[in-house]
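Spelled out from the first residue to the last, the chains are:
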Amino acid sequence: MSLALIAALPFLGALLPGLMLRAGRNACATATGAVTLLALLGLLSHLPAVLRGEVVQARFEWLPMLGLNANFFLDGLGFMFAGLILGIGLLIIIYARFYLYKSDPMDQFYTYLLLFQGAMVGIVLSDNILLLLIFWELTSLSSFLLIGYWKHLPEGRQGARMALTVTGMGGLALIGGMLILGNIAGSYDLTVILENREAIQQSDLYVPALLLILLGAFTKSAQFPFHFWLPHAMAAPTPVSAYLHSATMVKAGLFLMARLWPVLSGTDLWFYLVAGAGLITMTLGAVIALFKDDLKGLLAFSTVSHLGLITMLLGMGTEIAAVVAVFHIINHATFKAALFMTAGIVDHEAKTRDIKRLGGLRFLMPVTFVIGTIAAFSMAGLPPFNGFLSKEMMLHEAAHTSTLFMVMATIAATFSVAYSLRFVFHVFFGPKRDDYPAKPHDPGFGMWAAPALLVVLVVLIGLFPKTMVGSLVATVSKAVTQTDELPYYSLALWHGVNAALIMSIIAVATGAVLLLLHKGLDRAWIAAPRPEAKEIFDALIGAITRFFSWFTDLLHDGAMSRYLAIFTAACVVIVAGAFFSADYLQGTRPMLPITNASIIGFVLIMVPTIALAFLHRNRYLSLVLMGVVGLILSVGFAYLSAPDLALTQLSVEVVTVILLLLALYFLPKETPKESSPARRTRDAVIGAGAGLGIGALMYALLRREPDNIGWYFLENSYTGGGGNNVVNVILVDFRGFDTFGEIIVLGIAGISIFAMVAALMRSAGGKRLREMAKDQVKIGDRHPLMMVVATRAVLPIAIVVGAFIFLRGHSEPGGGFIAGLVVAVAVLMQYMASGLEWAQARQRVAYHGMIAVGILTAAATGIASWFFGYPFLKSTFGYVTIPPLSKFELASAMAFDVGVFLTVLGAVMLALAELSRMGVAADPDQPVNTDPMDIVTDGGAIRSATKDS
Amino acid sequence: MILDYVIAALLVIAGFFGLVGSFGLLKLPDQMTRLHAPTKATTLGVGGVLIASMVYFFGVAGTLSFHELMITLFLFLAAPITAFFIARVQLRNHVAERDLPNPAREGTRWAGHLGQDSSSD
């Protein structure tokens, strides 16, 4: 199976749970499990190749200009991690089926889980580091959803937020580090980067790259001082904790360090940072874990400790330590997942995870007891389980590094023994109690099957390490170290009496003593002052939030005039700075003679513009002046041979004026004077500066010979797009994709207005609007006969004009956009003449639907070209003759234009209808008319056509 | 030759009424009387130009042009309705209720139909 497909399968599968839930929870879980199983089988199909030491690849170009390609590769390391992610993922899916309560939405859980799984598989299979970063961020996001799955619990939400903040921040740092790394190596492909050890380590940028990458890895893997988020993420449902914290999320940081081990490790800085952080984390986590009463809290800190252990091994920088790290990753995943599931079972059955409230469960839950004990003994590093093997090897490495490492590792091992034994003895041993919140008993097979399978692995790996994982560890280690020959090591239970064994014995003995003294120690621990990570984190985040709230409020005080002033002034200053720091070259085009028409046009456009600056407080008057400017502008377009623009401008102008009129209905007629004369002078200076600047820019541009791609459109408009109207061909063909985006935006705008009006009418703002509308002067009869008759007469004419403009659009001025506006204006006039109720009653097609059909039509036109093997939106054209019409051209772009037409019509009408609906709602006293006009004849008698609503 | 004179005369008439209309808009004392000025300008002023244009195309260029008829149609639709609305607003906002002419009462004939008591309006 292609690697890309393996990574994509969970994402595709994420669509299934929601669909399958209808068929029942078993079907839902089965579908999810099938997806994961399929991906796992696909992965396993590469096992022989991976064991032979081959590197499987799958490469797709995505954005080659950016160096971002969907390149995947699979070697031993990727295989091990992908195997853990998918294998344990499968077990978690089975376990979660029985763990989740009836009230939990199972489809959401499985969808999040599959998204997360896909992101994790993506990380470990990515060859391209940019692709890896994308998956990395996806894990942060999807783990946020998983950790916060129980949305009703504040701890869940806070834990999810904290995890996202910490890992997301690390992700940002990682982006910087990876980009530096890619730049040094000259490629964003891992396979290339891994071969450039010398260049990277000698580069000046090695230190910043290393720091940033480690920041990413440490936050993800919960290394000191970023370890605090992991215990808080325990508020998640147990399957999530088991998955995220045994095999996946936190291992992503380790994966990254292992992946980049060949190029980054071996320097002093790497050793001190990574091994140091690992050592501290390992010891600190182990100590805290002993004093956690919450079962999952204990496991969380134990996870922190074990992650520290692996980090420390990777930090040592020797090949043999890397082998041990790899081995311990496998071991930790098996026993820790089993332990989390055990804790979940206890929590599920006894309804508490508080160790102090538990005890004596070995009688009540024998199966769980056996599973939990084996896994916990493995975690403690007791023989003959797999945890013992890797812990011995770790102690061996620590003993050979330095005395400090030896002492600290022994302390960590001691506490590790102590908390593991506490997990067993304080939960399962001791007298049977009668005050459990619920009567515990062993769960059904479905729930203990997954952890049972894992402890079988724990035992088998412990007894027969060479047979079980010998070749895998060797292959993975070769992939981590990028060498063909590994130093000698032996996976075996008995290595004779050596330093490691003595340290182990000391650890077990002292650990047991610690457990016996636990009561006293616990009291001392609780009494001792210690920093509470959550409070520090909250205080820090609070301070940051307050600072930026203050900063944002400083800039954004809600006054539009301030934003505009800052924005405009900044533009003027920057552009003026650029202008005066360079030489000005006078343009070469000759000046045109000044004609009478242009003088008149100039005066007509200048007078209202200047008047607007002085009269703008009267809102209706300023609307009239704006209308004048718009009309003269259209005339100007027509004069300068841009009939398309003129038509568009004209129709847009009409629609805009009507829209603004409807909006002005809700506003006071006069704008009050709010700013001081000094401020107005300032604004006037800024405005004049910007206006004159734009004028000067226009002058400078128009004096130059145009050097743009306009000639290309002119030359290829007919041959390539089949139209003589270059503007229309650009819109529907050359830049069709832009237009497609624009009509989508237009549709969104229309629907947003719909949504906002609906929300506004229910809110307090709606009440204020209604108050304001009451003060408006009413005209009396609202639907006069003359107006009604005239608009009815104009409607068919306008529609014919619209059709005409639409059809000729490809070769002569016109097109779907203008046609849409023309028809919209014609329909709009019916609304104005006969009122909203009357018009709505006669409108059979919902405008939402019209927008949707429009966008889908445009999309379908674009997609249709795929079937002919052309890129999206490639158009074709031909000529047809329908008698009695003359021969005319039919281009596929016309179907696209239909989409534009429908979207424009729908969006404009939706916006205007909603605004008038708001007007009707604002004035509930007004009668609602269902007849076309205010005066109708009814059997010869005149009666009022309006009736009370 | 005669055609030229006719076209010129029509244009001059149009220009004159356009001027009169604009002047009236400035000079006339109140809104209701002022309303008359632009209607003159549109009907006679613009009408003159349109007829001149038709005559020119028919007599000089030798083609029939219907654009002018369309413009006339729309002008005749737009002008009275606009005037009607302006007059209504004026009546509504600036004339007291009692100064308005009586609405049609029950039994009286108004606009060709039997009236009804205005209290229900």
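Residues numbered from 1 in each chain as written. Chains lettered and ligands numbered in written order. Predicted model: local features only at pLDDT ≥ 70, side-chain atom pairs only at ≥ 80, totals over all residues.

Overview of the overall build of chain A
Thinking step 1. Helix and strand content of chain A: 41 helices and six strands.
Thinking step 2. Oriented by its inertia axes, the alpha-carbon framework of chain A measures out at about 110 × 70 × 70 Å.
Thinking step 3. A buried classification covers 44% of the 949 residues belonging to chain A. (Helix = DSSP H or I, 4+ residues; strand = E, 2+ residues; numbered from the N terminus. Buried ≥ 20, exposed ≤ 12 C-beta atoms within 10 Å, placed from the backbone.)

Focus on unusual backbone geometry
Residues and elements named next belong to chain A.
Thinking step 1. With an omega of 5°, the peptide bond running from F224 to P225 counts as cis.
Thinking step 2. Of the consecutive residues P383 and P384, the connecting peptide bond is found in the cis state with omega at 5°.
Thinking step 3. Here P384 shows up in the loop between α20 (366-380) and α21 (386-399).
Thinking step 4. If you check the backbone angles, A222 has positive phi at about 55° while not being a glycine.

Describing the pairing of strand β1 (residues 56-63) of chain A
Residues and elements named next belong to chain A.
Thinking step 1. Both β1 and strand β2 (residues 68-74) contribute to a ladder of seven bridges, which runs antiparallel. Bridging from a neighbouring strand, F60 pairs with A70 of β2.
Thinking step 2. Between β1 and β2, which pair antiparallel and follow one another directly, the connecting turn spans four residues, one of which, G67, has a positive phi of 80°. (Pairing = 2+ DSSP bridges.)

Some thoughts on the confidence of the model for chain B
Residues and elements named next belong to chain B.
Thinking step 1. Of all residues in chain B, 81% have pLDDT values of 70 or greater, and the mean over the chain is 78.
Thinking step 2. Confidence scores differ between elements of chain B, with strand β2 (residues 113-114) showing the lowest mean pLDDT of 48 and helix α1 (residues 2-27) the highest of 90.
Thinking step 3. Contacts of residues 112-121 to residues separated by more than four positions or lying in other chains number 25 contacts, the stretch itself having pLDDT below 50.
Thinking step 4. In the predicted complex, the global pTM is 0.70; the interface-specific ipTM is 0.76. (pLDDT = per-residue confidence, 0-100. Contact = placed C-beta atoms within 7 Å.)

Here's the deal with the confidence of the model for chain A
Thinking step 1. Here chain A shows a mean pLDDT of 86. Residues at 70 or above account for 96%.
Thinking step 2. Per-residue pLDDT stays below 50 along residues 936-949 of chain A; that stretch engages in 31 contacts with residues further than four places along the chain or on separate chains.

Quick look at the packing of helix α31 (residues 643-664) of chain A against helix α38 (residues 816-834) of chain A
Residues and elements named next belong to chain A.
Thinking step 1. Across the interface, α31 lies against α38 with an axial gap of 9 Å and an inter-helix angle of 35°. Between α31 and α38 lies a crossing whose hand is left-handed. Here L647, T648, S651, V652, V654, V655 and I658 of α31 come into contact with α38, specifically with F817, I818, L821, V822, A824, V825 and L828. (Axes fitted to C-alpha atoms, helices over the stretch in contact; angles between N-to-C directions. Left-handed = near helix turned anticlockwise from the far one by under 90°.)

A look at helix α34 (residues 726-734) of chain A
Thinking step 1. Three or more residues of α34(A) are buried, namely A:N728, A:V729, A:L731, A:V732, A:D733 and A:F734.
Thinking step 2. Residues of α34(A) that are buried sit in contact with α31, α33 (710-721), α35 (736-762) and α41 (893-922) of chain A.

Topic: the packing of α38(A) against α41(A)
Residues and elements named next belong to chain A.
Thinking step 1. Closest axis-to-axis distance for the α38/α41 pair is 8 Å, and the angle between their directions is 30°. Relative to α41, the element α38 lies roughly parallel. Here the hand of the crossing between α38 and α41 comes out right-handed. Only D897, V898, V900, F901, V904, L905, V908, M909, L912, A913 and S916 of α41 make contact with α38, whose side of the interface consists of G816, F817, A819, G820, L821, V823, A824, V827, L828 and Y831.
Thinking step 2. Its residues placed into classes, the contact of α38 with α41 shows 17 nonpolar, three polar and one charged. (Parallel < 35°, antiparallel > 145°, perpendicular 65-115°, else oblique. Nonpolar A, V, L, I, M, F, W, Y, C, P; charged D, E, K, R; others polar.)

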